[in-house]
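# Summary of the model geometry
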Amino acid sequence: MKNMTKTGWITLLGMAALAVLPPYFLLNGHAFYMDLATRLVILGIAAVSLNLLLGYGGLISFGHAAFIGLGAYAVGIPSYHATWGGFDLIASYNGMLHLVLAIGVSALFALITGAISLRTKGVYFLMITMAFGQMAFFLFQALDVYNGDDGLTIDVRSELPFVNLDSPMQLYGLSYVSLAVAMLLVKTIVNSRFGMVLQGAKDNNERMVTLGYNTYFYRLTAYVISGMMCGYAGFLLGNFTTFISPDMMHWTRSGELMFMVILGGSSTALGPILGSSVFILLEEVLSSFTIFWHLPFGLMLIGLVLFVRGGLMRLFKGRGE
Amino acid sequence: MKPLLEVKGLMKSFGGVRATDNVHLDLAKGEIHAIIGPNGAGKTTLISQLSGGLQPDAGTVLLNGADITNMPAYKRAKLGITRSFQITSLVMGMSVLDNVALAVQANDGHSYKFLKPARSICHIRDKAMENLAKVGLRKRADDLASALSHGEHRQMEIAIALASEAELMLLDEPMAGLGPKESALLVDFLKELKGQRTILLIEHDMDAVFALADRISVLVYGRIIATSLPDEIRNNDDVRHAYLGEE
Ligand SMILES: Nc1ncnc2c1ncn2[C@@H]1O[C@H](COP(=O)(O)OP(=O)(O)O)[C@@H](O)[C@H]1O
Ligand SMILES: [Mg+2]
């Protein structure tokens, strides 16, 4: 523990607070704060997954909300059919099936869209990932079976062994542990040989290709891993809100995710979570004052990003880090 | 003996500029072959086509007799071709050692390995350190690449080329921007490599070229106007006229 960096300690501290505070509030009758924390932690997982691409891969994906939507519909659609009949193949409340669907469909979507998007770079990559995200958005908007634009209410949550997702405490517990695992996973990947190649290609792709790395496939692999993690966050979000709609996939949602990562500090472990915390708390506080909260909210975020270059984590960094 | 690399009828134009104009060239195993020529002659363009960074308009490139003309750069690297860059091209956000370790790692099987921390893998780190030591950068191993001087960056380029263990090294003006002392060190160093690696050396420093090269080709306006032994090049009238600047 002696060689822990200052940011390392801050990360531990932040995670400890997230472990203790929300359950404390819930037990003292403030369910609202627990709700807020659950949303924060779930979006934190999505932001952590995006950070793998954006922060460490230099790949600015503007369509990540699609994965959240796919993961949520992987809960909603089987659950809907289990209640109302039809589509026997997947009609089920079984959470393991939902999970496999959420992660599997996300992986497939990432593989196909990534294979195409990664042929481009820079702003073209941003545009094309956004276009694929919007395709998913319009697809679900057009699916009248699932109420299209109006969205779908999930009557029965995923049934999992050991955890009961109807319990806010248990749902939070699962989300929190998932976030911790996601962070560890990304950290491990980033430090691995694979991670070195990914980061090298972010900095100097030509050099990496000259060394003999087919960076296209390394990036595609990162894209698929990130998509799967984000789809998993969608699985949790569906179970949390119990209401899902195409709006979850809208490009503005992808933009929010990107904002969280950049605001908190990309290519840091805690940055995405810090970013999503500030984002969600600001949104909550401002919207309680006035219904015209979008403008000050946007301005404050832009101000934060401009004045805290490198993200909020920058403020905590020790010397020489 | 069959040459390691054969280039036949290579052509490359940018708009109206013929950067490579019907170039024929062969490199024998173990030879140091220098290419000299004025700025804009097409030397860098030629190297890029050999390393796979640029696609020629016409012509063929053979490595050990196999056609690699359309092979992507990363595959050529796997076959043992490496290049250094005239304009330093490093992973600036990583440490000096990381940069060289990436070159070692590239030859150590695939890198779809997600669990072990890359910086804890001894055989890769040791080998990277060995190559850093060879160019005299051992002490700077843990510094960020961006913190090093221009001269040290040039040394890093060489350490990376060495670490990649390529049979064929394409060096694009490795002495550019080095002081006389650093240049002399690099010349000695390349001399030691002679025979172990095949080197295509692009260089403006004529002392270095004549000290190292087994053969010299002169490139002017994309065309090779002469390929000969150093002494013959020195006495070739066309070359003196076109390049060495003597009437
Ligand atoms: N990517 C490019 N686009 C257009 N013209 C280029 C490009 N690269 C090189 N050239 C032109 O090709 C010619 C040869 O350039 P280069 O190979 O860099 O010469 P050298 O390395 O011998 O100085 C020059 O006229 C240069 O302007
Ligand atoms: Mg050049």
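A word on the packing of helix α2 (residues 31-57) of chain A against helix α10 (residues 251-264) of chain A. Residues and elements named next belong to chain A. Following both chains from N to C, one finds α2 and α10 inclined at 75°, their axes separated by 9 Å at the closest point. Our classification of the angle between α2 and α10 gives roughly perpendicular. On α10, the residues touching Leu43, Ala46, Ala47, Leu50, Asn51 and Leu54 of α2 are Leu257, Met258, Met260, Val261 and Ile262. Looking at the contact of α2 with α10, its residues break down into ten nonpolar, one polar and no charged.

All names here are of chain B. Locating Val23 in the fold gives a position in strand β2 (residues 17-27). A relative accessible area of 1% places Val23 in the buried class. Taking the C-alpha atoms as reference, Val23 lies 15 Å from Ile202; in sequence the two are 179 residues apart. Setting aside chain neighbours within four positions, we find Val23 in contact with Val7, Lys8, Gly9, Leu10, Leu46, Leu219, Gly222 and Ile224.

With that out of the way, let us pick up unusual backbone geometry. Residues and elements named next belong to chain B. Despite not being glycine, Glu165 shows a phi value in the positive range, around 55°. Of note, Glu165 is situated in the loop between α5 (150-163) and β7 (168-172). A relative accessible area of 48% means that Glu165 is categorised as partly exposed.

Right, let's talk about the site of ligand 1 for a bit. Residue and element names in this part refer to chain B. The immediate surroundings of ligand 1 are formed by Phe14, Val17, Ala19, Pro38, Asn39, Gly40, Ala41, Gly42, Lys43, Thr44 and Thr45. In this structure, an oxygen atom belonging to ligand 1 sits 2.8 Å away from a main-chain N or O atom of Gly40. For ligand 1, an oxygen atom lies 2.5 Å from a polar atom in the side chain of Thr45. In isolation ligand 1 exposes 560 Å². Once the protein is present, 58% of that is buried. Those elements giving two or more residues to the shell around ligand 1 turn out to be β2 and α1 (43-51). Top contributing element to the shell around ligand 1 by residue count: α1, with three residues. Of the residues assigned to the shell around ligand 1, the class counts are five nonpolar, five polar and one charged.

There is a patch of nonpolar side chains on the surface, built from Leu108, Leu111, Ile112 and Ile116 of chain A and spanning about 370 Å² of accessible area. Inspection of the secondary structure assignment puts Leu108 of chain A in helix α4 (residues 95-117).

At the junction of the two partners, chain A supplies 25 residues and chain B supplies 33 residues. Note on chain A versus chain B: buried area summed over both sides is about 2700 Å², and carbon and sulfur give 60% of it. Sorting the residues of chain A by area buried against chain B places Arg193, Met196 and Arg207 of chain A first, and these three jointly supply 31% of that buried surface. For the interface between chain A and chain B, the tally reads one salt bridge. Across the pair Glu157 of chain B and Arg207 of chain A runs a salt bridge whose closest N-O atoms are separated by 2.8 Å. Linking chain A with chain B are 17 residue pairs in polar contact (both at pLDDT 80 or more), by the criterion used here. Taken together, the elements giving at least two residues each to the side of chain A that touches chain B come down to α6 (168-191), α7 (193-203), α8 (205-211) and α9 (215-241) of chain A. No other element matches α7 of chain A, which puts seven residues into the side of chain A that touches chain B. Across the side of chain A that touches chain B, the residue classes break down as eleven nonpolar, ten polar and four charged.

Residue and element names in this part refer to chain B. Coordination of the magnesium ion (ligand 2) by the protein involves Thr44 (OG1) and Gln86 (OE1), with metal-donor separations of 2.0 to 2.1 Å. Remark: Gln86 occurs in the loop between β6 (81-83) and α3 (96-106) and Thr44 occurs in helix α1; sequence separation between them is 42 residues. The class for Thr44 is partly exposed, based on a relative accessible area of 29%. Taking the relative accessible area as the measure of exposure, Gln86 reaches 28% and is therefore partly exposed.

Attention now moves to helix α3 (residues 65-84) of chain A. All names here are of chain A. The end-to-end C-alpha distance of α3 is 28 Å, a good match for the 28 Å that 20 residues give at a rise of 1.5 Å each. At Tyr73, α3 is bent by approximately 25°, the largest bend along its length. Counting buried positions along α3 gives 16 out of 20 residues, so the element sits mostly inside the fold. With its phi angle positive at about 85°, Gly85 sits one or two positions after the end of α3.

The next point concerns the nonpolar core. Judged by nonpolar contacts, the single largest core of 141 residues is most densely connected at Leu18 and Leu179 of chain A together with Leu102 of chain B. Among the elements that line this core, the one with the most residues is α2 of chain A, at 16 residues. Structurally, this core is a two-domain feature, drawing no fewer than three residues from each of domain 1 (1-80 + 170-247) and domain 2 (91-165) of chain B. Leave out the neighbours within four places in its chain, and Leu102 of chain B touches Met196, Val197, Met208, Leu211 and Tyr213 of chain A together with Val91 and Met94 of chain B. Counting residues in hydrophobic clusters, the runner-up holds 21 residues, among them Leu10, Leu25, Leu168 and Leu219 of chain B.

Within a sheet, each strand pairs with its neighbour through backbone hydrogen bonds, oriented either parallel or antiparallel. All names here are of chain B. Within the open sheet, the four strands sit side by side as β2-β1-β4-β5. Their pairing is antiparallel. The outermost strands of the open sheet, each flanked by one partner alone, are β2 and β5 (66-67). Bridge count for strand β4 (residues 58-63) against β5 is two bridges, and the pairing is antiparallel. Opposite Leu62, over in β5, you have Asp67 as the bridge partner. Relative to the sheet, α1 contacts β1 (5-14), β2 and β4, its axis offset from that of β1 by approximately 120°.

The subject of this paragraph is the sheet that holds strand β10 (residues 223-228) of chain B. All names here are of chain B. Overall, mixed pairing links the six strands, which are arranged β6-β7-β8-β3-β9-β10 in an open sheet. Looking along the sheet, the strands with just one partner apiece sit at the ends: β6 and β10. Along the sheet, successive strands turn relative to each other by an average axial angle of 15°, direction set aside. Relative to strand β9 (residues 215-220), strand β3 (residues 32-36) runs parallel, the two sharing four bridges. Its bridge partner being in β9, Ile35 is matched across the sheet by Ser217.

Here the focus is the packing of α2 of chain A against α6 of chain A. Geometry of a packed helix pair, given as the angle between the helix axes and the separation of the axes. Residue and element names in this part refer to chain A. Their axes nearest at 9 Å, the elements α2 and α6 cross at an angle of 15°. By the criterion of interaxial angle, the relationship of α2 to α6 is roughly parallel. Along this stretch, α2 crosses α6, giving a crossing that reads as left-handed. For the contact of α2 with α6, a count of residues per class yields 19 nonpolar, four polar and no charged.

Rules and cut-offs
- Residues numbered from 1 in each chain as written.
- Chains lettered and ligands numbered in written order.
- Predicted model: local features only at pLDDT ≥ 70, side-chain atom pairs only at ≥ 80, totals over all residues.
- Heavy atoms only, no water.
- Axes fitted to C-alpha atoms, helices over the stretch in contact; angles between N-to-C directions.
- Helix = DSSP H or I, 4+ residues; strand = E, 2+ residues; numbered from the N terminus.
- Parallel < 35°, antiparallel > 145°, perpendicular 65-115°, else oblique.
- Contact = heavy atoms within 4.5 Å.
- Nonpolar A, V, L, I, M, F, W, Y, C, P; charged D, E, K, R; others polar.
- Buried < 20%, exposed > 50% of the residue type's maximum accessible area, 1.4 Å probe, protein only.
- Near = heavy atom within 4 Å.
- Polar contact = N/O pair within 3.5 Å; in protein donor to acceptor, adjacent residues only side chain to side chain.
- Areas by Shrake-Rupley, 256 points an atom, 1.4 Å probe, with all protein chains shown as cover.
- Patch = residues over 30% accessible without salt bridge, like charges linked within 9 Å, V, L, I, M, F, W, Y side chains within 5 Å.
- Salt bridge = Lys/Arg side-chain N within 4 Å of Asp/Glu carboxyl O.
- Buried area = accessible area lost by both parts, 1.4 Å probe.
- Donors = N, O, S within 2.8 Å, 3.2 Å for Na, K, Ca; no water.
- Expected span 1.5 Å × (residues − 1).
- Bend = angle between axes of the 7 residues up to and from the residue.
- Core = buried A, V, L, I, M, F, W, Y, C linked by side-chain atoms within 4.5 Å.
- Domains from an automatic or database assignment.
- Pairing = 2+ DSSP bridges.
- Left-handed = near helix turned anticlockwise from the far one by under 90°.

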